[in-house]
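Architecture and fold: a report
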Number of protein chains: 2
Amino acid sequence: MFHTSPPYAIRQENEVAEPKTLVEAAYRSLRRNIIEGRLSPGEKLRIEHIKNDYGVGGATLREALSLLTSDALVVSQGQRGFRVAPVSLEDLADITETRVMLECTALRQSIALGDEAWEAELTAAFHRLTRAEERLAEGNNREQWEERNRIFHEVLIAACPSRWIKHFLSILYHQAERYRHLSLRRSEGTRRLHDEHAALFEAAMARDADTATHLLGEHIRLTLQSVSLDNASTASH
Amino acid sequence: MFHTSPPYAIRQENEVAEPKTLVEAAYRSLRRNIIEGRLSPGEKLRIEHIKNDYGVGGATLREALSLLTSDALVVSQGQRGFRVAPVSLEDLADITETRVMLECTALRQSIALGDEAWEAELTAAFHRLTRAEERLAEGNNREQWEERNRIFHEVLIAACPSRWIKHFLSILYHQAERYRHLSLRRSEGTRRLHDEHAALFEAAMARDADTATHLLGEHIRLTLQSVSLDNASTASH
DNA sequence: TTTTCATCATTTCTCGATATTTTCCTTGTG
DNA sequence: CACAAGGAAAATATCGAGAAATGATGAAAA
């Protein structure tokens, strides 16, 4: 439904399909490794060393790293190679507030413009997320929950007509995801995550934009407030 | 002043210095050519054909094109090469409204937080812009005006602490710039551009955030409202 | 005439090799 | 002992050639 082919193709939106090129495959693989913390912030990415891990040539890996630069997951300095982007509490705060602003704007528009099909999508996404939340308590179905949580948030703002807002949000979502993975995740579980989602869902379905955006803002802030960075992973130059 | 080295390097912000690598040089050169309309929307970019124009090898040019993909100035589809991104009125409207939202937010923060040094910078930038506007009426010092106009807008929001907002704005600014170049530019000159800038400057210096953001919003909307797309350059699939 | 299919030319994508730059270590000097 | 200079080692950035994919052309069948 919300993957209609865009007039211009912003990269992140095309990611449902299989990777068609090796560059694309390496890009995604690297991105997952950075977001999920298998590559540490600040770590040097020596092309000669890691090209074997991804089974590609130097130029190809280089291009993938260049692409990650645009997502601010990798930094490159002139003639001195690539590194995993550093992290900092300031950056985290910035990401959070910018995301709150954009996502609330998008949600407001989505609530105003969403039709019946949107309601149906949203209900389905909420249902799947609920199931995943139940399972999350038991085993470690974290991956599935992560996926469905992302989709729930995407569907919430799906009826917002602005491609640019959605594009920026998807970049910020990846950033936030990384911080979540890097955190020690102590306070997780004490939160009543499902209640937050349920209230948000109810408000959206009731077309109560004020309540919904308020809940969403607090939800995003809480999610990232529970992040506390390990000293070891904090930016060092 | 506002080019302090960032904790993480978002690409656009590092562009004051000379290009250090061939990729960087090709990237900038291509970007100028797209923004200034020498490469038309939808045009196919065959690597073998144009690599000589930029004096680089295939892989290097490829990487530069990949980078432009992230700015949505170039689109790439799977195994079918690169094209200059198409344009459309919907996209233009989206860019404009997203930019208004982000730039007004940034301006509000900048007005709240800007110190004396910021005021000085702003005054200087306004002065330079004024001079350029005078010259614009005479000859075609369009390039200089374009530069100083950009800097004036940058300085206005320089005291906003959010790197992410500034990053997104710089992407949108490039997009808007392209549309301005593509337009037939009929109504330009009828506008009292300098008056708009002057009022905006006064409001910012007076720390009147409400008035300033209102003026800025109208200013951005007017700038892009005067754009009318040539049929020939409109998106075709 | 229209559709289908095979073949071929064009273009994209990828890799290994090479030249250039940076980094690190050793050595000499104030 | 600190510090600068020089050189070796490592890593980066780049190129040109080869493998894979596209879509264009034209012949055969419906």
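Residues numbered from 1 in each chain as written. Chains lettered and ligands numbered in written order. Predicted model: local features only at pLDDT ≥ 70, side-chain atom pairs only at ≥ 80, totals over all residues. Heavy atoms only, no water.

1. With respect to the overall build of chain A
Rules: Put simply, DSSP marks the helices as runs of H or I at least four residues long and the strands as runs of E at least two long, and each gets a number from the N terminus on. Exposed residues in this analysis have more than 50% of their type's maximum accessible area, buried residues have under 20%, and partly exposed residues fall in between, with area computed by a 1.4 Å probe over protein chains only. Contact between two residues is taken to exist if any of their heavy atoms lie within 4.5 Å; hydrogens are not considered. In short, Shrake-Rupley with a 1.4 Å probe defines the accessible areas, and a residue's cover is counted only from the protein chains shown.
Of the regular secondary structure elements, chain A holds 9 helices and 3 strands. In chain A, the order of α-helices and β-strands from amino to carboxyl end is α-β-α-α-β-β-α-α-α-α-α-α. Out of the 237 residues belonging to chain A, those deemed buried represent 50%. Looking at chain A alone, contacts between residues at least 24 apart form 74% of all its contacts between residues at least 6 apart. Surface summary for chain A: the accessible area is close to 11000 Å², and the carbon and sulfur share equals 50%.

2. A word on the pattern of salt bridges
All names here are of chain B. The condition that has to hold: Salt bridges are defined by distance alone: a side-chain nitrogen of Lys or Arg within 4 Å of a carboxyl oxygen of Asp or Glu.
Taken as a whole and assessed by the stated rule, the structure comprises 32 salt bridges over all chains. A salt bridge links E103 to R99; the shortest N-O distance between them is 3.1 Å. Remark: R99 and E103 occur in helix α4 (residues 89–113); sequence separation between them is 4 residues, near one turn of the helix. Note that R150 and E154 form a salt bridge whose closest N and O atoms lie 3.1 Å from each other. Residue R150 and its partner E154 are both found in helix α6 (residues 142–156); the two are separated by 4 residues, about one turn of the helix.

3. A word on the relation of the copies chain B and chain A
Put simply, the test is: Our superposition of the copies is a least-squares fit, built on the C-alpha atoms of residues whose pLDDT is at least 70 in both.
Mapping chain B onto chain A is achieved by rotating through 180 degrees and translating by 0.0 Å along the same axis, at an RMSD of 0.0 Å. Look at the turn and shift together and you get a two-fold axis relating the two. By C-alpha distance to the rotation axis, the residue of chain B lying nearest is E63 of chain B, at 2.8 Å. A share of 100% of interface residues in chain B that are also interface residues in chain A marks the association as one of identical surfaces.

4. Some words on the protein's contact with DNA strand D
Where we set the bar: If a single non-hydrogen atom of a residue is within 4 Å of a molecule or strand, that residue counts as near it. Here a polar contact is recorded for every N or O atom pair within 3.5 Å, except that within protein the pair must consist of a potential hydrogen donor and a potential acceptor, and residues adjacent in sequence are included only if both atoms are side-chain atoms. Lys, Arg, Asp and Glu make up the charged group, whereas Ala, Val, Leu, Ile, Met, Phe, Trp, Tyr, Cys and Pro make up the nonpolar group; the residues left over, Gly among them, are polar.
In the vicinity of DNA strand D, 22 residues are found, and the nearest of them are R62 and G78 of chain A together with L22, G57 and R80 of chain B. A share of 92% of the atoms of DNA strand D within 4 Å of the protein falls on sugar and phosphate groups. One of the backbone N or O atoms of G78 of chain A is found 2.8 Å from a phosphate oxygen in DNA strand D. L22 of chain B has a polar backbone atom sitting 2.3 Å from a phosphate oxygen of DNA strand D. Of all the elements in the fold, those that place two or more residues in the surface near DNA strand D are β1 (44–45) and α2 (47–54) of chain A together with α1 (22–35) and α3 (58–70) of chain B. When residues of the surface near DNA strand D are assigned to their parent elements, the largest contribution, 3 residues, is made by α2 of chain A. Of the residues in the surface near DNA strand D, the class split is 7 nonpolar, 9 polar and 6 charged.

5. Points about the sheet that holds strand β2 (residues 74–76) of chain B
All names here are of chain B. Put simply, the rule is: Paired strands are those between which DSSP finds at least two bridges.
If you walk across this open sheet you meet the 3 strands as β1-β3-β2, and the pairing is antiparallel. Two strands lie at the open edges of the sheet, namely β1 (44–45) and β2, each paired on one side alone. Where β2 and strand β3 (residues 82–84) come together, 3 bridges link them in antiparallel fashion. Along β3, the bridge assignment pairs V75 with R83.

6. What to know about α3 of chain B
All names here are of chain B. To be explicit about the condition: By this rule the span expected of a helix is its residue count minus one, scaled by 1.5 Å.
Along its 13 residues, α3 runs 19 Å from first to last C-alpha, staying within 8% of the 18 Å computed at 1.5 Å per residue. Buried residues of α3: L61, E63, A64, L65, S66, L67, L68, T69 and S70, and no others. Residue A72 follows α3 closely and has a positive phi angle near 60 degrees.

7. Let's talk about the protein's contact with DNA strand C
If you check the shell around DNA strand C, you find 22 residues, and the closest are L22, G57 and R80 of chain A together with R62 and G78 of chain B. Per the 4 Å cut-off to the protein, sugar and phosphate atoms form 89% of the nearby atoms of DNA strand C. Separating a phosphate oxygen of DNA strand C from a backbone N or O atom of G57 of chain A is a distance of 2.6 Å. For DNA strand C, a phosphate oxygen lies 2.5 Å from a polar atom in the side chain of R62 of chain B.

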